[in-house]
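# Tertiary structure, described
The residues making up each chain are set out below.
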Amino acid sequence: MKKELGYAEKMKWRIRALWMALALMLVYMVVVAELDGGDSRMMTNLANMVSDIIFFGGIIFLISRIVHNKKLLKDRALLREQLCRERDERNQYLHDKSGGIVMDVLLFILLFTTCTAALFNMAAFSVSVFLLAAAVILKASAWLFYSYRKME
């Protein structure tokens, strides 16, 4: 029971972190507007679409995670099930083999860079979107490769 209470506290911290990330995204939106970023006369259609998908998709993702985590806190059975999923060796193995936390942080940085470049500089956007696509393909390929192999 103590582990469950510890995990519930961890979940509360995750929710706080997600709210902070949401607030930072809204501050980012204001800063971009103040710096005259996102001028549709300077952006390509692809840059406009990608920046919208990254930014608004990020907001939707954060809100959905907040709602999901709050739902877990209300139902102890769901919370225990989530804890088991996170501690599952196979899931940890796949995450580690597909780049782990380092790749997750790199993807976050590339998402931020690509969104910002799309709003201000098309040459930088072209490079950034290519690097983001390459990183996503590498992570997905590694995950698929190791998901069909037996654990060592």
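Going by the structure above, here's the rest.
The paragraphs below set out a description of the structure included in this document.

Rules used throughout
Residues numbered from 1 in each chain as written. Predicted model: local features only at pLDDT ≥ 70, side-chain atom pairs only at ≥ 80, totals over all residues. Heavy atoms only, no water. Helix = DSSP H or I, 4+ residues; strand = E, 2+ residues; numbered from the N terminus. Buried < 20%, exposed > 50% of the residue type's maximum accessible area, 1.4 Å probe, protein only. Contact = heavy atoms within 4.5 Å. Lys, Arg positive; Asp, Glu negative; His and termini not counted. Charge placed at Lys NZ, Arg CZ, Asp CG, Glu CD. Salt bridge = Lys/Arg side-chain N within 4 Å of Asp/Glu carboxyl O. Core = buried A, V, L, I, M, F, W, Y, C linked by side-chain atoms within 4.5 Å. Phe/Tyr/Trp six-rings, centres within 6.5 Å; stacked < 30°, edge-to-face > 60°. Lys NZ or Arg CZ within 6 Å of the ring centre and 35° of its normal.

Once that is clear, we can look at the overall build of the protein chain. Helices and strands together make up the secondary structure of the protein chain, namely 6 helices and 0 strands. When its C-alpha atoms are laid out on the principal axes, the protein chain stretches across 55 × 35 × 20 Å. Among the 152 residues that make up the protein chain, the fraction classed as buried is 30%. Sequence separation of at least 24 residues holds for 81% of the intrachain contacts in the protein chain that already meet a minimum separation of 6. Side chains of the protein chain carry 20 positive and 14 negative charges; the gap between the two charge centres is 8 Å.

All right, on to the pattern of salt bridges then. Inspection of every chain in the model, using the stated rule, returns 4 salt bridges. Where Glu86 meets Arg14, a salt bridge forms, and the shortest distance between an N and an O atom there is 2.7 Å. Taken together, the residues Glu86 in helix 3 (residues 76-87) and Arg14 in helix 1 (residues 2-34) connect sequence positions 72 residues apart. Its relative accessible area of 24% is what places Glu86 among the partly exposed residues. With a relative accessible area of 27%, Arg14 lands in the partly exposed category. The salt bridge involving Arg85 is made with Glu81; its shortest N-O contact spans 3.7 Å. Here Arg85 pairs with Glu81, and both are found in helix 3, just 4 residues apart, close to one helical turn.

Of all hydrophobic cores here, the largest spans 24 residues; its most connected members are Tyr28, Phe55, Cys115, Leu119 and Phe125. Of all elements in the fold, only helix 1, helix 2 (45-74), helix 5 (100-120) and helix 6 (122-147) reach the threshold of two or more residues within this core. In this structure, Cys115 is in contact with Tyr28, Ser51, Ile54 and Phe55, ignoring residues within four places of it in sequence. Listed in part, the 6 residues of the second largest apolar core include Tyr7, Ala8, Leu72 and Leu83.

Here we come to the packing of aromatic side chains. By the definition in use, this model includes 5 aromatic pairs. Look at Phe55 and Phe56: their rings are 5.2 Å apart centre to centre, the planes differ by 85°, and that puts the pair in the edge-to-face class. Residue classification places Phe55 among the buried residues on the basis of a relative accessible area of 8%. Given a relative accessible area of 44%, Phe56 falls into the partly exposed group. Through pairs of rings, three or more aromatic residues link up here, namely Tyr28, Phe55, Phe56 and Phe112. Sitting over the face of the ring of Trp13, Arg16 holds its NZ or CZ atom 4.4 Å from the ring centroid.

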